[in-house]
Amino acid sequence: MNSRPAPFDELDRKIVTALMANARTSFAEIGAAVGLSSTAVKRRVDRLRETGVITGFTATVKPSALGWPTEAYVEVYCEGAAPPRRLAEVVRNHPEITAAMTVTGGADALLHVRARDVGHFEEVLERIRTEPFIRKTISVMVLSHLLPESPEAGASHVAPDSAADVR
């Protein structure tokens with residue numbers, strides 16, 4: 001058995017592109033589009049999953065349908081150098097934070113927050129600010145999405161019911 005991973009070629013790119021557009025597209029439909037049999041597409045998808053190129057399949061849900069239509073980005077500024085793993089621990093405690101990353105520039109981290117309304121967002125912001133190493137935050141509310149089909153315009157997971165009850 002060859003331990004070296006198979007190269008990622010143009011057919012793989014086309015298959016991944018088709019799955020990113022609609023993960024429910026059948027292997028037969030993808031095969032017809034890229035010139036392979038459905039069995040060959042399945043083998044390639046299996047390989048792409050095994051090698052970590054494809055990490056999963058999800059449903060994109062309209063956040064307002066889940067009761068979380070308010071959206072903001074929060075820049076987080078820390079005292080000293082807060083380690084990324086400590087920031088990760090903090091954001092995991094806030095189910096309203098749907099994405100978080102360390103960034104270059106003035107801020108130490110950028111958080112994507114979803115909430116029921118502005119009041120709920122304010123509560124989330126206050127909980128974030130109680131962390132002793134957070135010096136300040138700067139928030140930007142999202143008014144509309146210019147690319148409504150982008151992943152940021154949808155939600156990849158449902159916030160736990162307990163988060164919806166936070167007041």
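Rules used in this analysis
- Residues numbered from 1 in each chain as written.
- Predicted model: local features only at pLDDT ≥ 70, side-chain atom pairs only at ≥ 80, totals over all residues.
- Heavy atoms only, no water.
- Helix = DSSP H or I, 4+ residues; strand = E, 2+ residues; numbered from the N terminus.
- Buried < 20%, exposed > 50% of the residue type's maximum accessible area, 1.4 Å probe, protein only.
- Contact = heavy atoms within 4.5 Å.
- Areas by Shrake-Rupley, 256 points an atom, 1.4 Å probe, with all protein chains shown as cover.
- Salt bridge = Lys/Arg side-chain N within 4 Å of Asp/Glu carboxyl O.
- Core = buried A, V, L, I, M, F, W, Y, C linked by side-chain atoms within 4.5 Å.
- Phe/Tyr/Trp six-rings, centres within 6.5 Å; stacked < 30°, edge-to-face > 60°.
- Lys NZ or Arg CZ within 6 Å of the ring centre and 35° of its normal.
- pLDDT = per-residue confidence, 0-100.

It is not clear to me how the overall build of the chain should be interpreted in this structure. Could you clarify?
Broken down by element type, the chain carries 6 helices and 4 strands. If you list the helices and strands of the chain from N to C, you get α-α-α-β-α-β-β-α-β-α. In the chain, which comprises 167 residues, the proportion classed as buried is 31%. Sequence-distant contacts in the chain: of pairs separated by 6 or more residues, those separated by 24 or more amount to 69%. Element-wise, carbon and sulfur atoms account for 55% of the exposed surface of the chain, whose accessible area totals about 10,700 Å².

Just to check I follow, could you spell out the pattern of salt bridges for this structure?
A side chain of one charge can pair with a side chain of the opposite charge if their charged atoms are brought near each other. Inspection of every chain in the model, using the stated rule, returns 10 salt bridges. Asp12 is the salt-bridge partner of Arg47, the closest N and O atoms lying 2.9 Å from each other. Of the two residues, Arg47 sits in helix α3 (residues 38–50) while Asp12 sits in helix α1 (residues 10–21), which places them 35 residues apart along the sequence. A salt bridge links Arg127 to Glu96, with the nearest nitrogen and oxygen atoms 2.9 Å apart. Remark: Glu96 occurs in the loop between α4 (84–92) and β2 (97–102) and Arg127 occurs in helix α5 (residues 118–129); sequence separation between them is 31 residues. Arg127 gets classed as partly exposed once you look at its relative accessible area, which sits at 24%. One connected set of salt bridges, linked through shared partners, spans Asp9, Asp12, Arg44 and Arg47.

Please clarify how the nonpolar core should be interpreted in this entry.
Most often, soluble globular proteins have nonpolar side chains that are buried together. Within the largest apolar cluster, 19 residues are counted, with the highest numbers of intra-cluster contacts made by Val74, Val76, Leu111, Val113, Phe121 and Phe133. Elements supplying a minimum of two residues to this core: β1 (70–78), α4, β3 (109–115) and α5. Among all residues touching Val76, those that are not within four sequence positions of it are Ala107, Asp108, Ala109, Leu111, Ile134, Lys136 and Thr137.

Looking at this structure, how should I read the packing of aromatic side chains?
Here the structure, examined in full by the defined rule, presents 0 aromatic pairs. Lying across the ring of Tyr77, Lys136 places its NZ or CZ 4.7 Å from the centre.

Quick question: what am I supposed to make of the confidence of the model for the chain here?
In low-pLDDT regions, the fine details of the predicted coordinates are not to be read closely. Looking at the chain as a whole, its pLDDT mean stands at 87, while 89% of the residues score no less than 70. The least confident element of the chain, judged by mean pLDDT, is helix α6 (residues 161–164) at 42; the most confident is helix α2 (residues 27–34) at 97. Below pLDDT 50 for its whole length, residues 157–167 participates in 21 contacts with residues either more than four positions away or in separate chains.

Would you mind showing me how to read the environment of Ala81 here?
Within the secondary structure, Ala81 sits in the loop between β1 and α4. We classify Ala81 as exposed; its relative accessible area is 76%. Along the backbone, Ala81 and Phe133 are 52 residues apart, and their C-alpha atoms lie at a distance of 9.0 Å.

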